[in-house]
Structures are given as C-alpha cells and as structure tokens.
Amino acid sequence: MSEARRLVVGISGATGIAYGVRVLELARKAGVETHLVVTPAGQQTRAYETGMSAADLAAMADVTYRPADIGAAIASGSFRTAGMIVAPCSIRTLSAVAYANNDNLLTRAADVTLKERRRLVLMVRETPLTMAHLRAMTAVTETGGIVMPPVPAFYLNPETVSDIVDHTAGRALDLLGIDVPDLPRWGETPTERK
Ligand SMILES: Cc1cc2nc3c(=O)[nH]c(=O)nc-3n(C[C@H](O)[C@H](O)[C@H](O)COP(=O)(O)O)c2cc1C
C-alpha cells in the first residue's frame, strides 16, 4: 500500500465519536487503508454515544492498535502514511500533542506525523475555551498541525445530524487530499449560483 493510500485515525475521549466513525467510513469508501487507535476515554464515549461494541468500531478500520502498544507500526516515522486525523480530539490529547508528551500510541503517532512533516488534523472539541486551550492550539499550529474544530456549515442547509457529521468528516479528509466524491461544496450546486 502506498503512503498516499494509508491514513492514521485517532479517536480520543471528546464528545462526537460520530466524526471519527464517519472519517473511517469515508476513507474506506475512498480506498484508503486506515490504522486506528482509540483511547480508553474514546471507548467510554463510544459506549455512551453509539450502539457499537469495541469490536464493531475496530472492524471499521483495516488495522487497530491498543493505546498502550507504543511499539506499533504507527509509532515509527519509517512507517509511511499520508497523515493522521484525530476525530474527535479532546483537550487532553491536544495538550499532549502540543507539547510532544507522547504518553500513549495516539499521541506518539501524532508526534511522529508532525516530526515527519506530514499532515496532522486535530478535530478539537471543547467549548468554551480557556487561554490554556488556546495556547495549546497555538503551539500545535506552530509545529505544523491543523486545528479543525467540528463546527457546522449552515449555508449548506443540513437536514440531519448525519449531514453535519458527513460534511465535517469530508472536509478533514480534504485536508489530506483524500477525495470524497459526494461532499456538498459551496458554489457547486445550481441553487447557490443564483
Ligand atoms: C461523555 C464524555 C464527554 C466528554 N467530552 C469532552 C469534550 O467534548 N472535550 C474534551 O476535551 N473532553 C471531554 N471529555 C473528557 C475526556 O474524556 C477526558 O479529559 C479524558 O481524560 C480524555 O482522555 P484522552 O485524551 O486520552 O482520550 C468527555 C468525557 C466524557 C465521559
């Protein structure tokens, strides 16, 4: 599998696990090989927010790793990937990534993504934000990461929660150059050109 067709996906314990699930679904549809790591808090939100078991979630990826497995392939820069999306990204994980605190496989893989100068997209979910949160976002941006809070675009007139999740997950994949064919885009439907 070429590096361009390989994506690391991290799911941490912020609310909105649906974003990570949709990233996995869309990447699979696009023929991209996914490598997944879910933190223990991410497993907790899975249980709260979905009817999926841990095995159901793991089955959505091509390869799944345990967060404690810091010797896994994605912990090394020599394992080539197109980049990594953390969806959703908790403030705890954001902070760890911002300061290279590689305390589990997710944060280690994110740091590897940055050190190899690959794309890292953090779908940070928290509100309201403190100065500490904002400083961590600044630090990660200065290191080359992309902070992409999952904020809905209402100009597309979403009808369901799923529409909102689809659009945000698709935009995250856009940032890695992974094509999502049916993603609604401003200026690409006749009504918007009026
Ligand atoms: C139901 C639930 C929702 C949560 N939502 C958020 C959230 O939106 N943002 C956040 O930063 N933390 C949230 N947390 C707290 C994190 O799960 C917690 O800080 C945890 O230590 C994050 O660990 P991780 O970064 O290793 O996944 C939530 C926790 C629970 C149980």
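What counts and what doesn't
- Each chain has its residues counted from 1, running along the sequence as written.
- Note on the predicted model: pLDDT of at least 70 is required for a residue's local features to be given, and 80 or more for side-chain atom pairs to be given and counted; whole-chain, interface and lining totals, by contrast, use all residues.
- UniProt positions are given in the numbering used here, feature names are shortened, and annotations may be inferred rather than shown by experiment.
- The C-beta atom of each residue is placed using the backbone, and any residue whose C-beta lies within 6 Å of a molecule or strand is treated as near it.
- Helical segments are the DSSP runs of H or I of at least four residues, strand segments are the runs of E of at least two, and each set is numbered from the N terminus.

- If you check an unreviewed UniProt entry, the protein appears there as Flavin prenyltransferase UbiX from Nocardia terrae.
- Under the heading Catalytic activity (unreviewed entry), UniProt records this for the protein: "dimethylallyl phosphate + FMNH2 = prenylated FMNH2 + phosphate".

Some details on the site of the ligand
- Looking at the ligand, there are 16 residues lining it, with Ser12, Gly13, Ala14, Thr39 and Ala41 nearest.
- When contributions to the shell around the ligand are tallied by element, the ones reaching two or more residues are α2 (40-49) and α4 (91-98).
- No other element matches α2, which puts 5 residues into the shell around the ligand.

Observations concerning unusual backbone geometry
- Omega for the peptide link from alanine 87 to proline 88 comes to -5 degrees, which places this bond in the cis form.
- By secondary structure assignment, the location of proline 88 is in strand β4 (residues 83-89).
- Following threonine 127, the chain continues to proline 128 via a peptide bond in cis, the omega torsion being -5 degrees.
- Looking at the element boundaries, proline 128 is found in the loop between β5 (119-124) and α6 (131-142).
- Even without glycine at this site, arginine 117 takes up a positive phi of about 60 degrees.
- In this structure, arginine 117 sits in the loop between α5 (105-115) and β5.
- The residue asparagine 157 is not glycine, and still its phi comes out positive at about 50 degrees.
- Looking at where asparagine 157 falls in the secondary structure, it is placed in the loop between β6 (146-147) and α7 (161-174).

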